[in-house]
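So you can see what is in the structure, the chains are spelled out below.
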Amino acid sequence: METWLYVVDSIDGDYANLRRTDIDSSELKLVARALLPEDIEEGTRLRYEMFQYEMEDNI
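Just so it is clear, the model here is predicted, and its values are computed rather than measured.

Rules of the game
Residues numbered from 1 in each chain as written. Predicted model: local features only at pLDDT ≥ 70, side-chain atom pairs only at ≥ 80, totals over all residues. Heavy atoms only, no water. Salt bridge = Lys/Arg side-chain N within 4 Å of Asp/Glu carboxyl O. Buried < 20%, exposed > 50% of the residue type's maximum accessible area, 1.4 Å probe, protein only. Helix = DSSP H or I, 4+ residues; strand = E, 2+ residues; numbered from the N terminus. Pairing = 2+ DSSP bridges. Axes fitted to C-alpha atoms, helices over the stretch in contact; angles between N-to-C directions. Contact = heavy atoms within 4.5 Å. Phe/Tyr/Trp six-rings, centres within 6.5 Å; stacked < 30°, edge-to-face > 60°. Lys NZ or Arg CZ within 6 Å of the ring centre and 35° of its normal.

Engineer: Looking at this structure, I do not really get the pattern of salt bridges. What am I missing?
Structural biologist: Opposite charge on two side chains permits them to pair, given that their charged atoms come into close proximity. Counted under the stated rule, the structure contains four salt bridges. A salt bridge links R20 to D22; the shortest N-O distance between them is 2.8 Å. For D22, a relative accessible area of 32% puts it in the partly exposed group. For R45, the salt bridge goes to E56, with nearest N and O atoms at 3.5 Å. With R45 in strand β4 (residues 45-49) and E56 in the segment after β5 (52-55), the pair connects residues that are 11 residues apart, well separated along the chain. Among the charged side chains, a network of salt bridges with common partners joins R45, R47 and E56.

Engineer: Would you mind going over the sheet that holds strand β3 (residues 28-32) with me for this structure?
Structural biologist: Sheet strands pair by backbone hydrogen bonding; their relative direction is either parallel or antiparallel. Across the sheet, five strands lie side by side as β3-β2-β1-β4-β5; this open sheet has antiparallel pairing. The sheet terminates laterally at β3 and β5, the two strands that pair on one side only. Strand-to-strand twist in this sheet, taken as the mean axis angle between neighbours without regard to direction, amounts to 40°.

Engineer: Honestly, the environment of T21 in this entry has me stumped. Any pointers?
Structural biologist: Structurally, T21 can be placed in the loop between β2 (15-20) and β3. When its relative accessible area of 43% is taken as the criterion, T21 is described as partly exposed. Filtering out sequence-adjacent residues up to four positions away, T21 remains in contact with L5, Y6 and V7.

Engineer: Explain the packing of aromatic side chains to me, please; I cannot follow it from the model alone.
Structural biologist: What describes a pair of aromatic rings is the distance from one ring centre to the other and the angle between the planes of the rings. As enumerated under the stated definition, the model contains three aromatic pairs in all. Taken together, a centroid distance of 5.5 Å and an interplanar angle of 10° make the contact between W4 and Y48 stacked. You can see W4 sitting in strand β1 (residues 3-12) and its partner Y48 sitting in strand β4, a full 44 residues away along the chain. With a centroid separation of 4.6 Å and 45° between ring planes, the pair formed by Y48 and Y53 is classed as tilted. By relative accessible area, Y48 is classed as buried at 13%. Using a relative accessible area of 10% as the deciding quantity, one classes Y53 as buried. The rings of W4, Y6, Y48 and Y53 are connected pair by pair, giving a single aromatic cluster. The residue whose ring lies beneath K29 is Y48, and the NZ or CZ to ring-centre distance is 5.1 Å.

Put into structure tokens, the structure is as follows:
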């Protein structure tokens with residue numbers, strides 16, 4: 001399984017804009033907050049692996 005790294009760029013209501021940090025990309029990915037850890041805020045680093053987002057600090 002592949003692993004992708006993101007940072008929470010912004011939060012807009014029930015959605016968060018994520019920016020990949022493991023590759024050089026300026027594109028944002030819009031993700032429902034229900035799929036993300038509860039404690040996220042702007043600047044939170046996330047790891048996406050096996051269809052699940054986890055905060056990098058908790059890994």
